[in-house]
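Listed here are the chains, written in short residue letters.
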Amino acid sequence: LPAVAGRLNNITGFSVTSTGSTAAAAVVVTVTGLSGGTITFTYNTVAGATLGNPQLNYTFPHPVPASAINTAITVSCATLGAGNTNTVTNVFGYLE
């Protein structure tokens with residue numbers, strides 16, 4: 001969620017999806033820019049580059065505001081390694 005002058009971002013949730021990797025992996029998904037600090041989650045991918053479509057879908061029980069006005073909220077997923085051809089991260093939220 002990009003920083004917007006004079007506005008406060010709020011995150012309501014995010015999703016991470018991918019194809020598999022050559023070897024199974026557990027990596028960290030990081031959410032930064034939040035009031036209260038950074039939050040981390042674990043995302044697991046399966047062995048086999050063409051197998052499955054692992055998903056991590058998370059909805060916050062209540063919207064979480066950015067740490068300040070004009071502050072971006074970023075969701076990032078660490079690399080899944082060899083054989084992974086697609087990883088997609090989406091973030092959902094709104095501006096006040």
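Structure shown above.
Thresholds applied
Residues numbered from 1 in each chain as written. Predicted model: local features only at pLDDT ≥ 70, side-chain atom pairs only at ≥ 80, totals over all residues. Heavy atoms only, no water. Buried < 20%, exposed > 50% of the residue type's maximum accessible area, 1.4 Å probe, protein only. Helix = DSSP H or I, 4+ residues; strand = E, 2+ residues; numbered from the N terminus. Pairing = 2+ DSSP bridges. Phe/Tyr/Trp six-rings, centres within 6.5 Å; stacked < 30°, edge-to-face > 60°. Core = buried A, V, L, I, M, F, W, Y, C linked by side-chain atoms within 4.5 Å. Contact = heavy atoms within 4.5 Å.

> Any chance you could break down the pairing of strand 1 (residues 9-18) for me, citing the residues and the numbers?
Counted residue by residue, strand 1 has 8 buried out of 10 residues, so it is predominantly covered. Taken together, the 9 bridges between strand 1 and strand 6 (residues 87-95) define a ladder with antiparallel strand orientation. Bridge pairing links Ser-15 to Asn-90 in strand 6. With 7 bridges joining them, strand 1 and strand 4 (residues 55-65) adopt antiparallel strand pairing. The residue of strand 4 that forms the bridge with Phe-14 is Tyr-58.

> Quick rundown of the packing of aromatic side chains? Include the residues and the values.
Note on aromatic pairs: each is described by the distance of the centres and the angle between the planes. In this structure the tally under the stated criterion is 5 aromatic pairs. Both rings, one in Phe-14 and one in Phe-60, keep their centres 6.5 Å apart while their planes meet at 55°; by these two values the pair is tilted. Highlighted residues: Phe-14 in strand 1 and Phe-60 in strand 4, separated in sequence by 46 residues. Of the two residues, Phe-14 and Phe-60, both sit in the buried class. On the basis of an interplanar angle of 80° and a centroid distance of 4.9 Å, the ring pair of Tyr-58 and Phe-60 is categorised as edge-to-face. With relative accessibility at 28%, the residue Tyr-58 sits in the partly exposed group. When its relative accessible area of 9% is taken as the criterion, Phe-60 is described as buried. Three or more aromatic residues link up through ring pairs in this structure, and these residues are Phe-14, Phe-41, Tyr-58 and Phe-60.

> Tell me about the nonpolar core, and name the residues and values.
One recurring pattern in soluble globular proteins is that nonpolar side chains are buried together. Ile-11, Phe-14, Val-29, Val-31, Tyr-43 and Leu-56 are the most contacted members of the largest nonpolar core, which has 17 residues in total. When residues of this core are traced back to their parent elements, those giving at least two are strand 1, strand 2 (25-32), strand 3 (39-45) and strand 4. Discounting chain neighbours no more than four positions away, the residues touching Leu-56 are Phe-14, Ser-15, Val-16, Val-29, Phe-41, Thr-42 and Tyr-43.

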